[in-house]
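Residues per chain, in single letters:
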Amino acid sequence: MRAFREAVETGDLDAVEALLAEDVVFTSPVVFKPYPGKAITAAILRAVSQVFEDFRYERELTGADGRDHALVFAARVGERELTGCDFIHLDDNGLIDELTVMVRPLSGAQALAAAMGARFDQIVKEAEARSA
C-alpha cells in the first residue's frame, strides 16, 4: 500500500489512478450508493484532493493476507477538522478494486458533503471525458 499512500501524500493523482482496477468500486462516506468504475473513482479522488486541507495519513493497518489495508488520516475541510479511514482491498493483480472511505465527526462529514456536492457536476463531466 506504500505506492498508494505515497502518491496521495505527494499529490501524484496520475499515480493514484494507475493503482485503480478498471472495476474498482468507491464507497463514499457521505453518499449511500457506491460508485463503480475507474473513471468516476479517479475524478472523485481528484476533487477530494482539492477539498481536503492539511491532509495527512497517521497510521496504516494491513490484513494478514496483504490484500486488505486501512489508512487512517486527518484533514480539514474549511473550519472543520475530521479524521477518517481509507479501507482498501487489492485484487489478484495488486490493483485497488474496493475503496471505502469513512469520516468523523458528523460536522466534518457534512462539510465534506457540501464541498463535494458543489463540485459534483464537474466530477461527472471529468469521469465521462476519461471513459470516452
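Residues numbered from 1 in each chain as written. Predicted model: local features only at pLDDT ≥ 70, side-chain atom pairs only at ≥ 80, totals over all residues. Heavy atoms only, no water.

**Quick word on the sheet that holds strand β5 (residues 80-90)**
- As summarised here, the arrangement of the six strands in space is β2-β1-β6-β5-β4-β3, forming an open sheet in which the pairing is mixed. Both outer strands of the open sheet, β2 (35-36) and β3 (53-62), are each paired with one neighbouring strand and no more.
- Sheet topology places β5 next to strand β6 (residues 96-104); eight bridges connect them, and they run antiparallel. Directly across from G84, in β6, lies its bridge partner V103.
- Against the sheet, helix α3 (residues 38-51) makes contact with β1 (20-27), β2, β3, β4 (68-77) and β6, and its axis sits at roughly 55 degrees relative to β1, the strand it touches most.
- Helix α4 (residues 106-131) contacts β2, β4, β5 and β6 of the sheet and is inclined by roughly 75 degrees relative to β5. (Pairing = 2+ DSSP bridges. Helix = DSSP H or I, 4+ residues; strand = E, 2+ residues; numbered from the N terminus. Contact = heavy atoms within 4.5 Å. Axes fitted to C-alpha atoms, helices over the stretch in contact; angles between N-to-C directions.)

**Some details on the packing of α3 against α4**
- Following both chains from N to C, one finds α3 and α4 inclined at 140 degrees, their axes separated by 8 Å at the closest point. As summarised for this structure, α3 and α4 are arranged oblique, according to the angle between their axes. Read as a crossing pair, α3 and α4 show a hand that is right-handed. Contacts between α3 and α4 involve A39, I40, A43, I44, R46, A47, V48, Q50 and V51 from the former and L112, A115, M116, R119, I123, E126, A127, R130 and S131 from the latter.
- Residues belonging to the contact of α3 with α4 are distributed by class as follows: twelve nonpolar, two polar and four charged. (Parallel < 35°, antiparallel > 145°, perpendicular 65-115°, else oblique. Left-handed = near helix turned anticlockwise from the far one by under 90°. Nonpolar A, V, L, I, M, F, W, Y, C, P; charged D, E, K, R; others polar.)

**Things to note about the packing of aromatic side chains**
- Summed over all chains, the structure comprises six aromatic pairs.
- Ring centres 5.6 Å apart and planes at 50 degrees place the aromatic pair F52 and F73 in the tilted group. Placement of F52 in the loop between α3 and β3 and of F73 in strand β4 is noted, with a sequence separation of 21 residues between them. Each member of the pair, F52 together with F73, is buried.
- Centre to centre, the rings of F55 and F73 are 5.2 Å apart; their planes meet at 35 degrees, and the pair counts as tilted. Taken together, the residues span a long stretch of sequence, with F55 in strand β3 and F73 in strand β4 at a distance of 18 residues.
- In this structure F73 comes out as buried when scored by relative accessible area, which is 0%.
- A network of ring pairs unites the aromatic residues F52, F55, Y57 and F73 as a single cluster. (Phe/Tyr/Trp six-rings, centres within 6.5 Å; stacked < 30°, edge-to-face > 60°. Buried < 20%, exposed > 50% of the residue type's maximum accessible area, 1.4 Å probe, protein only.)

These results come straight from atomic positions and should not be treated as a statement about function.
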